[in-house]
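Inside the fold
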Amino acid sequence: MLNRTADNAARATPEPLAKKIRGISDKGLAWLFISPTILLLLAINIFPLFWAIYLSFTNFRANRPNEVVKNLGLSNYQRILGDQDIWIAMQTTAHFVFWTILLQTVIGFTLAWLIDRKFRGHAFWTTIILVPMMLSPAVVGNFWRFLYEPQIGLFSYVISFVTGIPPTNVQMLSNVELAPWAIIIVDTWMWTPYVMLICLAGLRSIPEYIYEAAEVDRASNWRQFWSITLPMALPFIMLAVLFRGIENFKMFDMVNLLTGGGPGSTTEVASITLKRQAFESWRTGYSSAFAIILFVAVFGLANIYVKALNKVKQR
Amino acid sequence: MSLTTAHSVVAPSANSKRIAGVIIVAYALISIVPLLWIFATSFKTPPDSIAYPPKIVFQPSIEGYCNLFTTRTRQTPEYINSLGPATGFCDETVRKRNMVIAGPSNFLPRFVNSLIIAFGSTFCAVFLGTLSAYGFSRFKVPLADDLLFFILSTRFMPPIAVAIPIYLMYRELGLSDTALGMILLYTAVNVSLAVWLLKGFIDEIPREYEEAAMIDGYTRLQAFWRTVLPQATTGIAATAIFCLIFAWNEYAFAALLTSGTAQTAPPFIPTIIGEGGQDWPAVAAGTTIFLVPILVFTILLRKQLLRGITFGAVRK
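In this convention, every chain numbers its residues from 1, walking through the sequence in written order. All chains are assigned letters beginning at A, and all ligands numbers beginning at 1, according to the order in which they are written. Per-residue local features are limited, in this predicted model, to residues with pLDDT of at least 70; the limit for side-chain atom pairs, both in listing and counting, is 80 or more; totals at the level of whole chains, interfaces and linings are taken over all residues.

1. Quick notes on the overall build of chain B
Short version of the rule: Note on conventions: DSSP H or I runs of at least 4 residues are helices, E runs of at least 2 residues are strands, and numbering of each starts at the N terminus. Within these notes, the globule rule equals 2.2 Å times the number of residues to the 0.38 power, and the radius of gyration is based on C-alpha atoms. Buried, partly exposed and exposed are defined by the number of other C-beta atoms within 10 Å of a residue's own C-beta, namely 20 or more, between the two limits, and 12 or fewer respectively, with C-beta atoms placed from the backbone. Placing C-beta atoms from the backbone, we regard two residues as in contact once those atoms come within 7 Å.
Of regular secondary structure, chain B possesses 16 helices and four strands. Over its C-alpha atoms chain B spans a radius of gyration of 25 Å, topping by over 25% the 20 Å that the globule rule assigns to 316 residues. Each principal axis of the C-alpha distribution contributes one length, and for chain B these read about 85 × 65 × 40 Å. Buried residues in chain B amount to 47% of all 316 residues. Once local pairs closer than 6 in sequence are excluded, the contacts in chain B between residues at least 24 apart make up 75%.

2. Comments concerning the overall build of chain A
In terms of helices and strands, chain A carries 14 helices and zero strands. Each helix and strand of chain A, ordered N terminal to C terminal, gives the series α-α-α-α-α-α-α-α-α-α-α-α-α-α. Taken over C-alpha atoms, the radius of gyration comes to 26 Å for chain A, far larger than the 20 Å a tight globule of 315 residues would show. Across its three principal directions, the C-alpha atoms of chain A cover 75 × 65 × 35 Å. Each of the 315 residues in chain A was classed as buried or not, and the buried ones make up 42%.

3. Describing the nonpolar core
We apply this condition: Defined on buried residues, the nonpolar core groups Ala, Val, Leu, Ile, Met, Phe, Trp, Tyr and Cys residues joined through C-beta atoms within 7 Å.
By size, the foremost hydrophobic cluster in this structure holds 174 residues, and its most contacted members are Ile198 and Cys199 of chain A together with Cys243 of chain B. The biggest single contributor to this core is helix H9 (residues 179–204) of chain A, with 17 residues. Every residue in contact with cysteine 243 of chain B, bar those within four places of it in the chain, is listed here: Thr122, Ala125, Val126, Asn190, Leu193 and Ala194 of chain B.

4. Side note on the interface of chain A and chain B
Definition in use: In this classification, the charged set is Asp, Glu, Lys and Arg, the nonpolar set is Ala, Val, Leu, Ile, Met, Phe, Trp, Tyr, Cys and Pro, and all remaining amino acids, among them Gly, are polar.
At the junction of the two partners, chain A supplies 91 residues and chain B supplies 98 residues. The element best represented in the side of chain A that touches chain B is helix H3 (residues 26–55) of chain A, accounting for 14 residues. Class assignment for the residues of the side of chain A that touches chain B results in 63 nonpolar, 14 polar and 14 charged.

5. Some thoughts on the UniProt feature "domain: ABC transmembrane type-1" (unreviewed entry) in chain B
Under the convention used in this document: UniProt positions are given in the numbering used here, feature names are shortened, and annotations may be inferred rather than shown by experiment.
UniProt records the feature "domain: ABC transmembrane type-1" (unreviewed entry) for residues 111–301 of chain B in the present numbering. Along residues 111–301 of chain B, the helical share is 77% and the strand share 2%, with 23 Å between the first and last C-alpha atoms.

6. Details of the UniProt feature "transmembrane region" (unreviewed entry) in chain A
Residues annotated in UniProt with the feature "transmembrane region" (unreviewed entry) correspond here to residues 29–54, 96–115, 122–144, 178–203, 224–246 and 286–306 of chain A. Summarising residues 178–203 of chain A: 96% helix, 0% strand, and an end-to-end C-alpha distance of 35 Å.

7. Overview of the domain arrangement of chain A
Here is the rule: Domain boundaries shown here were taken from an automatic or database domain assignment.
Parsing chain A into structural domains produces domain 1 (16–55) and domain 2 (75–314). Put simply, the middle of domain 1 of chain A and the middle of domain 2 of chain A, counted by C-alpha atoms, are 36 Å apart.

8. Remarks on the environment of valine 241 of chain A
Residues and elements named next belong to chain A. Position of valine 241 relative to the elements: it lies in helix H11 (residues 221–249). Note on valine 241: 19 C-beta atoms within 10 Å, which makes it partly exposed. A sequence separation of 64 residues divides valine 241 from glutamate 177, and the C-alpha atoms of the two residues are 26 Å apart.

9. Observations concerning the UniProt feature "domain: ABC transmembrane type-1" (unreviewed entry) in chain A
Feature annotation in UniProt places "domain: ABC transmembrane type-1" (unreviewed entry) on residues 90–305 of chain A, given in this structure's numbering. Between the C-alpha atoms that bound residues 90–305 of chain A the distance is 21 Å, and the span itself is 76% helix and 0% strand.

10. Re the UniProt feature "transmembrane region" (unreviewed entry) in chain B
All names here are of chain B. Following the UniProt record, one finds the feature "transmembrane region" (unreviewed entry) at residues 20–40, 115–136, 148–170, 182–202, 223–248 and 280–301. Between the end C-alpha atoms of residues 20–40 there is a gap of 30 Å, over a span that is 100% helix and 0% strand. Overall, residues 223–248 shows 96% helix and 0% strand. The separation of its end C-alpha atoms is 34 Å.

11. Considerations on the domain arrangement of chain B
Looking at the assigned domains, one finds that chain B contains domain 1 (62–105) and domain 2 (108–265 + 299–309). A C-alpha centroid distance of 44 Å is found between domain 1 of chain B and domain 2 of chain B.

12. Quick look at the packing of helix H6 (residues 122–134) of chain A against helix H1 (residues 14–42) of chain B
The packing of two helices is summarised by the inter-axis angle and the distance between the axes. Rules: Helix axes use the C-alpha atoms of the stretch in contact, all axes being lines fitted to C-alpha atoms, and the angles between their N-to-C directions lie in the range 0 to 180 degrees. Working rule for handedness: look at the near helix, and if it is turned counterclockwise from the far one by less than a right angle, call the crossing left-handed; if clockwise, right-handed.
Between H6 of chain A and H1 of chain B, the shortest axis-to-axis distance is 9 Å and the interhelical angle comes to 35 degrees. As H6 of chain A runs across H1 of chain B, the sense of the crossing is left-handed. Here His122, Trp125, Ile128, Ile129, Val131 and Pro132 of chain A of H6 of chain A come into contact with H1 of chain B, specifically with Ile24, Val25, Tyr27, Ala28, Ser31, Ile32 and Leu35 of chain B. Partitioned by chemical class, the residues of the contact of H6 of chain A with H1 of chain B number 11 nonpolar, two polar and no charged.

13. Here we look at the packing of helix H9 (residues 179–203) of chain B against helix H12 (residues 233–249) of chain B
All names here are of chain B. Our working rule: Each angle gets one of four labels, with under 35 degrees taken as roughly parallel, over 145 as roughly antiparallel, 65 to 115 as roughly perpendicular, and the rest as oblique.
Their axes nearest at 10 Å, the elements H9 and H12 cross at an angle of 155 degrees. The orientation of H9 relative to H12 falls into the category roughly antiparallel. Both H9 and H12 take part in a crossing whose hand is right-handed. Of H12, the residues touching H9 (which contributes Tyr186, Asn190, Leu193, Ala194, Leu197, Leu198 and Phe201) are Gly235, Ile236, Thr239, Phe242, Cys243, Phe246 and Ala247. Of the residues assigned to the contact of H9 with H12, the class counts are 11 nonpolar, three polar and no charged.

14. Considering the confidence of the model for chain B
Residue and element names in this part refer to chain B. Stated formally: pLDDT gives the predictor's per-residue confidence on a scale running from 0 to 100.
Averaged over all residues, the pLDDT of chain B equals 87, while 97% of them reach at least 70. Contacts from residues 1–8, a stretch scored under 50 in pLDDT, to residues over four places away or in other chains number 13 contacts. The ipTM assigned to the predicted complex is 0.87, against a pTM of 0.87.

15. Comments concerning helix H11 (residues 220–231) of chain B
All names here are of chain B. For clarity, the cut-off: One less than the residue count of a helix, multiplied by 1.5 Å, gives the span that helix is expected to have. In this description, the arc belongs to the directions extending from the helix axis to the C-beta atoms.
Taking 1.5 Å as the rise per residue, H11 with 12 residues should run 16 Å; its terminal C-alpha atoms sit 16 Å apart, in good agreement. All of the buried residues in H11 are Arg220, Ala223, Phe224 and Thr227. For H11, the angular spread of buried residues about the axis comes to 120 degrees, placing them on one side.

16. Re unusual backbone geometry
Across the junction of tyrosine 52 of chain B and proline 53 of chain B, the peptide omega takes the value -5 degrees, indicating a cis bond. Within the fold, proline 53 of chain B resides in the loop between helix H2 (46–49) and helix H3 (63–69). If you check the backbone angles, lysine 118 of chain A has positive phi at about 55 degrees while not being a glycine. Of note, lysine 118 of chain A is situated in the loop between helix H5 (84–115) and H6. Judged by the 15 C-beta atoms lying within 10 Å of it, lysine 118 of chain A is partly exposed.

17. Describing the confidence of the model for chain A
All names here are of chain A. In the predicted model, chain A carries a mean pLDDT of 86, and the fraction of residues at 70 or more is 91%. Within chain A, helix H1 (residues 2–12) has the poorest average pLDDT of any element, 49, and H5 the best, 94. Across residues 1–6, confidence stays below pLDDT 50; counting only partners more than four residues off in sequence or on other chains, it has eight contacts.

Encoded structure:
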């Protein structure tokens, strides 16, 4: 009631007087509040970005800072587009992103759909399921190396126990065929809860009356699922897929600790290639060009992501 | 977003609930096995940890924790016998393996680095984020949507791509391998999350409160301080925890930009080695100590989790 009065009083106040009451002009205050953040981002994100763009046109090597820097024009970019290794890394990344997203979406949505049945104790078990995604991918990824160890590792032991393969032959991380899947398994274990949580929000946003109407129309459960549940949860599923897509496209920490890109280069995703080029071969100019290409790709995805965000927000 | 959850007329049958419950509990139990295994391994002796088949029942020992906090050297039995009585449990355990404690390991300083950098960057990010979020929420900022997208997009940059020029910039400025450099970097990464999350929280506080305060003679700044901030405390706390978790867990920047004095725990833990390879009980002990704070925070945050992971878009 007090608020109502104050609100009316504020509306009744003539504009010039109201400004005086406010002291510093709102415009001034707005910039005072926002500019520190913008300045920080300019200094730590945008300035380095422009530096990277400049370097991408040169042959600069960070381990030889005193050497004369030559301008190479676009040749770094040309070399990247023609580089076999880069294309293999992009294929490895695509394989990783495709399978992790597919598995996480299917399992995550199924879990959310089951949790939405609201059985007794569902809140507790949901919290338990959420734990892996909060942990450090690096520290936990490192420990999975132990679980994958042939013979002594728990994962390998269980696999050999179930399938009957001799325990020394279950070599998840050093087998060329299995290593990409070893990474996909850990990522799926860690991030399925993320997709699940967002899908759950989607399922809970569907108004009950739609189901009631469907029930009146005697729509089968199957029909209800395909015509109501799935389409209405879809924007949320898309949001989760996009976010996981962006995150996994730039995946570094977990892969670096599990396999380091090996065996050979079978699990060398884009970020690992970038790190090898930039911090091991010290081809700073070349790797900057690759970084810019990756950044443009992520930026495009992020753009779509924000559009999807706003769509969900309207619900 | 409406929150209609109970499908009263169309409620799932008792049977389908039971089946759903069994599947979910099974999934939850399987998915926490790796974490339980970390915990169990931290209390195994090195020989027990690499036994075949993997030991589920074992004699608990704190040797892993001893090894985590100390460095040891191998000595002859004669030398060890010539020493005085063992001064503590760790000393005794280590001597049984023909070793003596040479000094403290780097784990504690790395852990302290993690604390300093995580808390420092969280404080800065939340401080800047609160101001900006208020600015975006209450004032007509020109190009507000573009600025907000710009702020969010910085979060999506691949860390390795950012690390290349940052590495060079920090080398020029003398910020390489310093806590200050890492705090600045993590603040920049976290501030995007803080702005987006806090804007959502502040949007939910009715403007009428401030307007009433300003009618009472407060300036805009005072009104912000006395009416908005107290009401935004839950949101600020939740945001701070999300920032803290990110900075605590971060690996890519830390691995590339720190090597010694400012190194945090995540790049350090994988480098813990004993004789003949990775000292898994010690790694597990370090991992356990490192993960416990996050477990506590996850439980505290469970109601805000959805909001945090979607940058405030999905509010439940």
